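Here is how the chains run, residue by residue.
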Amino acid sequence: MALTVDKLVNDERFCGENVLQFFLYLPFGLILMLFRMFLAMVLWVASIILPNKWAIRQMLSTLACWTFGVYVKQKGTRDPRCSVMVANYVSCLDSLAAAHVLGTISLRKWKVPPFFASTLGIRNAAQFVRKQHFAESPSKPVLLQPEGGPTNGKGLLKFTDWPFQLGNRVQPVAITVERPFTHVTVHRPKDARDKFPWSDALWFLWTPLTVFKVQLLPSIERHDDDDCELAVKCRQAIAEALQIEVTEFKWEELNRGASVARRREPSHDGMRLARQVKEVLPNVPIRDILRDLATTRSVDVTITNFLEGITPYTPEGPIAPEPGPSTSQPRYIIPTPTGTFPKSAKERQLSFQERKTQMIEEARRRYIEKHGLNIAVNC
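Summary of the structure given here. In this text the structure is predicted, and so the values were computed from the model without any measurement.

1. Comments concerning the overall build of the chain
When its secondary structure is counted, the chain shows twelve helices and ten strands. Taken across its 379 residues, the chain has 40% of its residues classed as buried. Across the chain, every contact between residues at least 6 apart in sequence was considered, and the portion connecting residues at least 24 apart equals 78%. When the accessible surface of the chain is summed, it comes to about 22400 Å², and 58% of that surface belongs to carbon and sulfur atoms.

In structure tokens form, the structure reads like this:
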């Protein structure tokens, strides 16, 4: 079964159902966040005053992993003949995990402070010159993520072709990430390529540990393949290693589709309010209730709109009565809206008060009968 757009994104931060463990960890998480913020300050100062040497960069990379609670597991070996590595995209700190164990450089268009980019192994795409890089650092591979944006790891987006123009031999890299309590990446309607997801990075500081698994796959050599065919081969190799589906979605379509789906699908609170309206007005279709609640955000105002005929709707068919020993009619019947609007304000107020009183009395009667209370109901 093919994946849809909404299955490839996370629009909520929390995952799992063990709420008790989360609240028990909460105070420890806050303390850990403060300690890691102190480490971040040390990292910032060290990146400014220390020279740009390989051993120093490796030490700063380790300190960055401590700061963000990142633990990296490597599987497979790097092909020294490959100067280009291609990986899937699952989080904003993929570059840190790869740089820590592989010594790679990642390309980004993010507008982040220079020390932050250097620590994460990021080089701005505008500053990257292909010939200059391979002349100065032939042994330092470039990690590229042609998906263009992160997913939740359940499927692979369509790769862009430009990374495969850099060489005739490419090594695929499969990245997975695990974390308790929260999702690593959360999509928002205004996500953009050039803005670093600071909210995602902040949760790394709070989470006890985030485990990255970096799997190096056999390199793929270009024969008579063009850039598109080479991209397809790399994507298929990564998908097979991760055991996930290959999709034809691009990241722009994914981000736009997730925003549309988020607007169309009612939230949990919206459905709860709609059920409350439905209990009072069972003949009103749920889709009409949700449409009115999207504007009013109030159960009382929505009920009033339907009773007063302000919001039009097509009544649903009558609901068959449940069989029971008693066939007596209910004492209070909520009148069906006529669709006409009273001419004077006095008539509208009287109509509203009468129906509101009937609604309250009917709800009171149902509550008494449901709980078997021995309370007299006014007739």
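Having seen the structure, we can now continue with the description.
2. Structural notes on the packing of helix H1 (residues 19–49) against helix H2 (residues 54–68)
The interhelical angle for the contact between H1 and H2, taken along N-to-C directions, is 160 degrees, at an axis separation of 9 Å. One way to sum up the angle between H1 and H2 is to call them roughly antiparallel. Handedness of the H1/H2 crossing: left-handed. Contacts between H1 and H2 pair Arg36, Leu39, Ala40, Val42, Leu43, Ala46 and Ser47 from the former with Leu60, Leu63, Ala64, Trp66, Thr67 and Phe68 from the latter. Considering only residue class, the contact of H1 with H2 consists of ten nonpolar, two polar and one charged.

3. So, the packing of H2 against helix H3 (residues 94–102)
Running from N to C, H2 and H3 cross one another at 135 degrees; their axes reach a closest spacing of 10 Å. On the basis of the axis angle, H2 is oblique to H3. The crossing of H2 and H3 is left-handed. Each of Gln58, Ser61, Thr62, Ala64, Cys65 and Phe68 in H2 lies in contact with H3, whose residues at this interface are Leu96, Ala99 and His100. Split by residue class, the contact of H2 with H3 holds five nonpolar, four polar and no charged.

So, how was this worked out
- Residues numbered from 1 in each chain as written.
- Predicted model: local features only at pLDDT ≥ 70, side-chain atom pairs only at ≥ 80, totals over all residues.
- Heavy atoms only, no water.
- Helix = DSSP H or I, 4+ residues; strand = E, 2+ residues; numbered from the N terminus.
- Buried < 20%, exposed > 50% of the residue type's maximum accessible area, 1.4 Å probe, protein only.
- Contact = heavy atoms within 4.5 Å.
- Areas by Shrake-Rupley, 256 points an atom, 1.4 Å probe, with all protein chains shown as cover.
- Axes fitted to C-alpha atoms, helices over the stretch in contact; angles between N-to-C directions.
- Parallel < 35°, antiparallel > 145°, perpendicular 65-115°, else oblique.
- Left-handed = near helix turned anticlockwise from the far one by under 90°.
- Nonpolar A, V, L, I, M, F, W, Y, C, P; charged D, E, K, R; others polar.

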